[in-house]
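Observations on the three-dimensional arrangement
Here is how the chains run, residue by residue.
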Amino acid sequence: MFSKHLIKDWQLLSPAGRVLVINGFTFNLGFYMLLPYLADHLQHNLGISGWYVGVIIGLRVLSQQGMFLVGGTLGDRLGYKRLILLGCAVRIIGFTLLGVGQTIPTLILGAFCSGFAGALFTPSSQAYLASEYPEQKARDKVFALQNLTSGAGMLLGPLVGLSLLYFDFALVGVISAGLFSLLFVIQWCFLPELESQKNTVHAHSHFWKQWSQMLRHKSFMQFVLCASVYQLLFHQLYIAVPHEIRAVTQDVSIITWVFATSSIMGVLMQMPVSRFVESRLGTARGVGLGMAIMGSSYLWLNISLPWLPALPFVICAVFFSLGSMLVFPLLGSYVPKFCSPKELGSHYGLYSCVGGIYAFIGNISTGWLLSSTNIDHAWVWSGLASFGILSGALLFLQVNQHAKRQNIGLMQ
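Residues numbered from 1 in each chain as written. Predicted model: local features only at pLDDT ≥ 70, side-chain atom pairs only at ≥ 80, totals over all residues. Heavy atoms only, no water.

**Digging into the packing of helix 4 (residues 68-78) against helix 5 (residues 80-100)**
- Helix 5 packs onto helix 4 with a crossing angle of 135° between their chain directions and a minimal axis gap of 7 Å. Looking at the two axes, helix 4 sits oblique to helix 5. Taken together, the residues of helix 5 that come into contact with helix 4 (itself represented by Gly 71, Leu 74, Gly 75, Asp 76 and Leu 78) are Tyr 80, Arg 82 and Leu 83.
- Residues of the contact of helix 4 with helix 5, tallied by class, amount to 4 nonpolar, 2 polar and 2 charged. (Axes fitted to C-alpha atoms, helices over the stretch in contact; angles between N-to-C directions. Helix = DSSP H or I, 4+ residues; strand = E, 2+ residues; numbered from the N terminus. Parallel < 35°, antiparallel > 145°, perpendicular 65-115°, else oblique. Contact = heavy atoms within 4.5 Å. Nonpolar A, V, L, I, M, F, W, Y, C, P; charged D, E, K, R; others polar.)

**Details of the nonpolar core**
- Counting residues in each nonpolar core, the largest one holds 115 residues, and the members touching the most others are Phe 223, Leu 233, Tyr 298 and Leu 331.
- Sorting elements by how many residues they give to this core places helix 2 (residues 15-45) first, with 15 residues.
- Shared between two domains, this core takes at least three residues from each, and those domains are domain 1 (14-192) and domain 2 (212-411). (Core = buried A, V, L, I, M, F, W, Y, C linked by side-chain atoms within 4.5 Å. Buried < 20%, exposed > 50% of the residue type's maximum accessible area, 1.4 Å probe, protein only. Domains from an automatic or database assignment.)

**Topic: the packing of aromatic side chains**
- Taken as a whole, this structure holds 19 aromatic pairs when the rule is applied.
- Between Tyr 230 and Phe 234, the ring centres sit 5.9 Å apart and the planes meet at 10°, which makes this aromatic pair stacked. Taken together, the residues Tyr 230 and Phe 234, both in helix 11 (residues 229-234) and 4 residues apart, mark about one turn of the helix. Here Tyr 230 and Phe 234 have matching classes, each one buried.
- With a centroid separation of 6.1 Å and an interplanar angle of 10°, the aromatic rings of Tyr 298 and Trp 381 are classed as stacked. Of this pair, Tyr 298 sits in the loop between helix 14 (283-296) and helix 15 (311-334) while Trp 381 is found in helix 17 (residues 377-411), placing the two residues 83 residues apart along the sequence.
- In this structure Trp 381 comes out as buried when scored by relative accessible area, which is 0%. (Phe/Tyr/Trp six-rings, centres within 6.5 Å; stacked < 30°, edge-to-face > 60°.)

**A short note on a nonpolar patch on the surface**
- Nonpolar side chains collect at one region of the surface, where Tyr 166, Phe 167, Leu 171 and Ile 175 lie side by side and expose about 480 Å² of accessible area between them.
- Take Phe 167: it is sitting in the loop between helix 7 (136-165) and helix 8 (169-190). (Patch = residues over 30% accessible without salt bridge, like charges linked within 9 Å, V, L, I, M, F, W, Y side chains within 5 Å. Areas by Shrake-Rupley, 256 points an atom, 1.4 Å probe, with all protein chains shown as cover. Salt bridge = Lys/Arg side-chain N within 4 Å of Asp/Glu carboxyl O.)

**Thoughts on the environment of Gly 266**
- With respect to the helices and strands, Gly 266 occurs in helix 13 (residues 253-281).
- On the basis of relative accessibility, which here comes to 8%, the residue Gly 266 falls in the buried class.
- Each C-alpha atom of the pair Gly 266 and His 235 lies 17 Å from the other, and the pair is 31 residues apart in sequence.
- Setting aside its immediate chain neighbours within four residues, Gly 266 contacts Leu 148, Ser 321 and Met 325.

**Structural notes on the pattern of salt bridges**
- Within this structure, the stated rule accounts for 1 salt bridge.
- One salt bridge connects Arg 246 with Asp 40, and the closest N-O pair in it is separated by 2.5 Å. Remark: Asp 40 occurs in helix 2 and Arg 246 occurs in helix 12 (residues 240-249); sequence separation between them is 206 residues.
- Judged by its relative accessible area of 22%, Arg 246 is partly exposed.

**Remarks on the environment of Gly 290**
- Positionally, Gly 290 belongs in helix 14.
- Sequence separation between Gly 290 and Gly 388 is 98 residues; the distance between their C-alpha atoms is 8.8 Å.
- Apart from residues lying up to four places away in sequence, Gly 290 is in contact with Arg 285, Gly 323, Leu 326 and Val 327.

**Structural notes on the packing of helix 4 against helix 6 (residues 104-132)**
- At their nearest, the axes of helix 4 and helix 6 sit 7 Å apart, and the two run at 50° to each other. Relative to helix 6, helix 4 is oriented oblique. In the crossing of helix 4 with helix 6, the sense of the turn from one axis to the other is right-handed. From helix 4, Phe 68, Gly 71, Gly 72 and Gly 75 reach across to helix 6, where they touch Gly 118, Ala 119, Leu 120, Thr 122, Pro 123 and Ser 124.
- Class assignment for the residues of the contact of helix 4 with helix 6 results in 4 nonpolar, 6 polar and no charged. (Left-handed = near helix turned anticlockwise from the far one by under 90°.)

**Overview of the domain arrangement of the protein**
- Domain assignment breaks the protein into domain 1 (14-192) and domain 2 (212-411).
- Domain 1 puts 46 residues into the contact, and the matching count from domain 2 is 46 residues.
- When the two sides are added together, the surface that domain 1 and domain 2 hide from each other amounts to roughly 4,000 Å², 67% of it contributed by carbon and sulfur.
- Linking domain 1 with domain 2 are 1 salt bridge.
- Where domain 1 packs against domain 2, one counts 9 residue pairs in polar contact (both at pLDDT 80 or more).
- Listing elements by their share of the side of domain 1 that touches domain 2, those giving two or more residues are helix 2, helix 3 (50-65), helix 4, helix 6 and helix 7. (Buried area = accessible area lost by both parts, 1.4 Å probe. Polar contact = N/O pair within 3.5 Å; in protein donor to acceptor, adjacent residues only side chain to side chain.)

Okay, here's the thing in structure tokens:
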């Protein structure tokens with residue numbers, strides 16, 4: 001049954017859609033080979049203090065999602081394929097520097113390049129995919145399918161990275177960079193130019209006017225401010241969870257179990273969960289419930305089990321993954337409701353830019369709080385749960401009201 005639905009969903013894809021969905025696997029394979037182990041490498045192999053580790057990890061997030069607005073706007077103007085290729089080239093540089101770098105300036109440059117690369121290719125990839133599927137139900141399925149392949153990359157990446165760590169962390173960085181080199185060649189050869197961007201010059205307004213209009217778009221900004229909590233919660237997997245694993249168990253390999261659990265669930269359950277949302281829950285309840293479950297998953301870290309210390313972290317990963325499967329594809333496919341097709345890159349860019357700011361502040365804050373000896377870690381997990389529940393409730397109300405207004409408009 002699973003394979004039957006998967007084949008049916010795959011047949012829905014256009015040739016360009018198939019390249020982009022496969023890209024989701026390759027992006028995450030290279031990304032998760034390196035990132036889950038970066039914080040531990042910086043702190044324990046290179047002896048960098050926890051605050052600087054938070055700055056380096058946070059800079060990577062900020063330079064990626066904080067610069068998404070620039071990358072998305074450039075994609076609207078220069079073409080999505082060009083920005084995807086440019087992003088791959090910049091990430092090759094960034095991951096190489098993170099792998100071989102020994103000094104803080106080199107690592108900061110590597111973090112910036114690896115993050116800025118994502119700012120270049122991610123909004124253009126999302127905008128390209130959304131442009132291929134203007135109908136909402138088809139777009140929901142395609143974004144869910146991309147999340148599935150991304151989960152497969154997220155599953156294999158940490159396993160490959162862990163095996164390479166037995167040799168040297170530098171090897172992890174070089175091979176990750178090599179994957180993006182291969183991806184650059186594949187996309188150069190097989191990803192076509194978007195038809196709407198071929199041989200045309202769009203009469204764009206000045207970019208600051210477009211940005212100003214987006215910032216004044218009340219409904220869009222309400223959605224962005226609530227939906228961006230996803231990024232705050234998600235990026236704790238890179239700094240808060242590894243920190244807690246090291247503090248509680250001293251066993252870094254548990255990080256791999258956390259990512260593997262989340263990834264296996266994503267690969268096996270993403271499409272069934274998305275079909276359940278479509279048939280039973282609907283978008284409003286899907287995003288609200290998903291965000292609340294994601295936040296609440298961190299409460300499991302308050303439990304201590306000396307006889308099986310990995311179990312609370314694995315249970316946290318199970319609930320976190322379930323919430324992510326509910327909410328993430330819906331958030332990505334919902335953005336086009338707020339803009340015209342020619343402005344998709346900019347809107348995806350602003351959406352992710354705000355998420356980057358949330359993640360950067362969250363990483364710095366949790367890095368400091370968890371490093372403090374005067375603060376009970378239970379307050380950190382309770383705070384993350386509260387953010388998830390509150391944003392979930394607000395997203396449910398907004399999406400539900402938006403759907404009601406659309407139904408009234410259709411009746412009139």
